[in-house]
Amino acid sequence: MLKVKNLSVGYDNVPVVFDASFEVKEGELVSIVGSNGAGKTTILKTLSGLLKPFSGQIEFLGRRTDRMPAHEIVKCGIAHVPEGRRVFGKMTVLDNLLLGAHTLENQDEIAGRLKEVYDIFPRLKEREFQKAETLSGGEQQMLAIARGLMSKPRLLMVDEMSLGLMPILVDRVMEILKEISRQGLTVLLVEQKVQEALEMADRGYVLQTGRIVAEGTGKELLESDMVKKAYMGM
Amino acid sequence: MLLQVIASGVLMGFVYALVAIGLTLIWGVMDIINFAHGEFLMISMYTVFWMYTLLKFDPFVSLPVAALLIFVISYLTYKIIIKRVIDAPGLTALLATFGLSLFIRNLAQFLWSPDYRFVTTSLVADKKITMGPVIIGLPQMAAAMGSIIMTVLVFYFIQKTKTGRAIQATALDRDTAKLMGIDTEKVYAITFGISGACVGVAGALMATFFPVYPESGALYSLLAFVIVALGGFGNIKGALYGGIIIGLAEALGGFAFGTQFKYAVVFLIYLLVIQVRPKGLFGW
Ligand SMILES: Nc1ncnc2c1ncn2[C@@H]1O[C@H](COP(=O)(O)OP(=O)(O)OP(=O)(O)O)[C@@H](O)[C@H]1O
Ligand SMILES: [Mg+2]
């Protein structure tokens, strides 16, 4: 579904991701893990078109997306839930969700999407007319994911959703993502929490200082010496 | 007499507010100060004047034409000039709009001479409304009403329509707006267009009672800067209240100290307010 070949990208002509190749297949839940500053967010921003690659190719559903503007990429079916939630704080929960559906034209379809995400996140329905900035951190994360789902994506990319959440909430949000993935949506997850992210993933990639250094099923990676040493202090 | 002064101050305030809303909108959405704002106002006034002189059109017939024309001019200003400089560092965008304002002003002098011109007859010319002790010129009344209507329309558009929602989102967080599938380039161009339509309407209304000349926009854009700063940069409601305050200050100042000092009073109030609230009355 998503194929990335030899991607190099960075800021102001300084590369921070080097020659990365990976893929996500239809229906999979794939995790890219790595520590602070490894380049995970940079990769997601490139996939969604906020950054332009220095070199390499990105192909989504058979179409090259690496030169497309970000708003076109959304229309191709990629939704990006950004790091730090980035909800529109001064706007209501409902407005945030409607913004997520910006690329949809059909009002019935939008109403249908809204109902679906409210079914997944009933708490958001209760807070429909509240300003997003008044939600708790966990609720904001749910809003960010719900907003991503509104565009009817084929691929949902979630950046560091555990950031700033209590462990119990992390489990809840992860559970919800797993459920969304079970229902058939393809998910690309980026996380510092290596153990959790690999446990729930079908496959994973390990990113170290901008380079992919290991790949495999979640289980394989968890059992590899490299991951155990570098990320689990064993 | 005092009531009279207050009433005419408030009425002008609504017109100033509309000019300021155009300015504050661009600032709020894209952090740019459009120094050519006053010159767009001036073009609108000339549009009404020439349609009146050459085609015998009433200013209220020309108003939608002027509004549309300035919408298009402002839209194209974004597409042709601002777009190229918006992400440039430092003062580039500021200098670009400043250059544009000088260019338009000089072009107007070249084409139409520096003479003062007047639109002497219109639907509302020379008519007055009497309400108890207060006598209001119909042109000023019509200008205030027209400005209020346009203000409400702009407010409604931003708050309630899909495009308005996209404008708000882009103003709050450009990158995340892009992730929603919003074409932020288009949003910027439309924002410039709406800003232009605001001064287009204001200019057409003002042409019914103010002289038209190449510098005629400059003073009002200066007032608009004060109003925007007073109300809080980027804040539409702030611009509305700021406009009324400045309209009042101008009228009361002129009444108390003589018309030659009215702007001294305006700037004094501005200086006082920003001492207490540096980000303006409604700034956050
Ligand atoms: N806007 C930017 N301008 C310049 N350099 C940046 C920018 N954003 C990130 N970087 C640099 O790029 C590198 C990778 O950053 P990135 O945000 O992709 O890491 P990450 O893996 O997402 O880290 P974290 O787990 O902390 O979110 C870092 O060295 C960072 O300093
Ligand atoms: Mg990150």
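Before any of the text, the structure's been laid out above.
Heads up: these notes are all about the structure in this document.

1. Digging into the overall build of chain A
The number of helices and strands found in chain A is ten helices and ten strands. Its C-alpha atoms give chain A a radius of gyration of 17 Å, near enough to 17 Å, the size a compact globule of 234 residues would have. With the C-alpha coordinates of chain A rotated into their principal frame, the extents come out at 50 × 40 × 30 Å. Of all 234 residues assigned to chain A, the portion counted as buried reaches 56%. For chain A, restricting intrachain contacts to residue pairs at least 6 apart in sequence, the fraction spanning at least 24 positions comes to 66%.

2. Some thoughts on the site of ligand 1
Residues and elements named next belong to chain A. In the neighbourhood of ligand 1, 13 residues make up the surrounding shell, with Asn 36, Lys 40, Thr 41, Thr 42 and Glu 83 lying closest. Within the contact set of ligand 1, an oxygen atom lies 2.4 Å away from a side-chain nitrogen or oxygen of Thr 42. At 2.5 Å, a side-chain N or O of Glu 83 approaches an oxygen atom of ligand 1. For the shell around ligand 1, the element with the highest residue contribution is helix H1 (residues 40-47), accounting for three residues. Considered class by class, the residues forming the shell around ligand 1 number three nonpolar, seven polar and three charged.

3. Here we look at the pattern of salt bridges
All told, the structure shown has 18 salt bridges over all chains when counted by the stated rule. Taking the shortest distance from any N to any O, the salt bridge between A:Arg154 and A:Glu26 comes out at 3.4 Å. Of the two residues, A:Arg154 is situated in the loop between helix H6 (137-149) and strand E7 (155-159) and A:Glu26 in the loop between strand E2 (14-24) and strand E3 (29-33); the sequence distance between them amounts to 128 residues. The class of A:Arg154 is partly exposed, set by a relative accessible area of 39%. In this structure, B:Arg174 engages B:Asp87 in a salt bridge whose closest nitrogen and oxygen atoms are separated by 2.7 Å.

4. Remarks on the side chain of A:Gln141
Residues and elements named next belong to chain A. Examined against the element boundaries, Gln 141 turns out to sit in helix H6. On the basis of relative accessibility, which here comes to 2%, the residue Gln 141 falls in the buried class. A distance of 3.4 Å separates a polar atom in the side chain of Gln 141 from a polar atom in the side chain of Arg 85. Those residues in contact with Gln 141 that sit more than four places away from it in its chain are Val 81, Arg 85, Glu 160, Met 161, Leu 165 and Val 173.

5. Some words on the environment of B:Leu123
Residue and element names in this part refer to chain B. Relative to the elements of secondary structure, Leu 123 occurs in the loop between helix H4 (92-112) and strand E1 (128-131). Residue Leu 123 is classed as exposed on the basis of its relative accessible area, which comes to 55%. The spatial distance from the C-alpha of Leu 123 to the C-alpha of Pro 59 is 7.9 Å, given a sequence separation of 64 residues. Setting aside residues no more than four positions away along its own chain, Leu 123 makes contact with Asp 58 and Phe 60.

6. Focus: the packing of aromatic side chains
What the rule picks out here adds up to 14 aromatic pairs over all chains. Ring geometry for B:Phe49 versus B:Trp50: centroids 5.0 Å apart, planes at 75°, classification edge-to-face. Judged by its relative accessible area of 6%, B:Phe49 falls in the buried class. An aromatic cluster is defined as three or more aromatic residues linked by ring pairs; in this entry it consists of B:Tyr16, B:Phe209, B:Phe210 and B:Tyr220. It is A:Arg211 that lies over the ring of A:Phe18; its NZ or CZ is 4.4 Å from the centre.

7. A closer look at the sheet that holds E2(A)
All names here are of chain A. Pairing within the open sheet is antiparallel, and its four strands lie in the order E2-E1-E4-E5. Single-partner strands in this sheet number two, and they are E2 and strand E5 (63-64). Relative to E2, strand E1 (residues 2-11) is paired through seven bridges, and the arrangement is antiparallel. When the sheet's bridge partners are listed, Val 9 is paired in E2 with Val 17. Relative to E1, H1 is tilted by about 115°, and along the sheet it contacts E1, E2 and strand E4 (55-60).

8. Re helix H5 (residues 138-160) of chain B
Helix length check: H5(B), at 23 residues, gives a terminal C-alpha distance of 32 Å against a target of 33 Å (1.5 Å per residue), a fit within 8%. Of all the residues in H5(B), the buried ones are B:Pro139, B:Met141, B:Ala142, B:Ala143, B:Ala144, B:Gly146, B:Ser147, B:Met150, B:Thr151, B:Val154 and B:Ile158.

9. Description of the coordination of the magnesium ion (ligand 2)
Residue and element names in this part refer to chain A. The protein atoms donating to the magnesium ion (ligand 2) are Thr 41 (OG1) and Glu 83 (OE), with metal-donor distances spanning 1.8 to 2.4 Å. With Thr 41 in helix H1 and Glu 83 in the loop between strand E6 (78-81) and helix H3 (93-100), the pair connects residues that are 42 residues apart, well separated along the chain. By relative accessible area, Thr 41 is classed as buried at 18%.

10. Brief notes about the interface of chain B and chain A
A common measure of how large an interface is: the accessible area buried when the components associate. Contacts between chain B and chain A engage 17 residues on the former and 20 residues on the latter. If you sort the residues of chain B by the area they bury against chain A, B:Arg165, B:Leu179 and B:Met180 come out on top, with a joint share of 37%. Counting every contact that joins chain B to chain A gives three salt bridges. A salt bridge links A:Glu105 to B:Lys162; the nearest nitrogen and oxygen atoms lie 4.0 Å apart. Applying the counting criterion to the chain B and chain A interface returns five residue pairs in polar contact (both at pLDDT 80 or more).

11. Observations concerning unusual backbone geometry
A positive phi angle, near 50°, is found at A:Asp19, a position not held by glycine. A positive phi is found at B:Asp31, a non-glycine position, where the angle reads about 55°. Along the chain, B:Asp31 falls in the loop between helix H1 (2-30) and helix H2 (37-55).

12. What to know about the sheet that holds E7(A)
Residues and elements named next belong to chain A. The strand order E6-E7-E8-E3-E9-E10 describes an open sheet built from six strands, whose pairing is mixed. Only two strands of the sheet have a single partner each, and these edge strands are E6 and strand E10 (211-217). Mean inter-strand twist for the sheet, computed between neighbouring axes without regard to direction, equals 15°. Note that E3 and strand E8 (residues 186-191) share five bridges and pair parallel.

Rules used throughout
Residues numbered from 1 in each chain as written. Chains lettered and ligands numbered in written order. Predicted model: local features only at pLDDT ≥ 70, side-chain atom pairs only at ≥ 80, totals over all residues. Heavy atoms only, no water. Helix = DSSP H or I, 4+ residues; strand = E, 2+ residues; numbered from the N terminus. Rg over C-alpha atoms; globule rule 2.2 N^0.38 Å. Buried < 20%, exposed > 50% of the residue type's maximum accessible area, 1.4 Å probe, protein only. Contact = heavy atoms within 4.5 Å. Near = heavy atom within 4 Å. Polar contact = N/O pair within 3.5 Å; in protein donor to acceptor, adjacent residues only side chain to side chain. Nonpolar A, V, L, I, M, F, W, Y, C, P; charged D, E, K, R; others polar. Salt bridge = Lys/Arg side-chain N within 4 Å of Asp/Glu carboxyl O. Phe/Tyr/Trp six-rings, centres within 6.5 Å; stacked < 30°, edge-to-face > 60°. Lys NZ or Arg CZ within 6 Å of the ring centre and 35° of its normal. Pairing = 2+ DSSP bridges. Axes fitted to C-alpha atoms, helices over the stretch in contact; angles between N-to-C directions. Expected span 1.5 Å × (residues − 1). Donors = N, O, S within 2.8 Å, 3.2 Å for Na, K, Ca; no water. Buried area = accessible area lost by both parts, 1.4 Å probe.

That is the geometry; function is a separate question.
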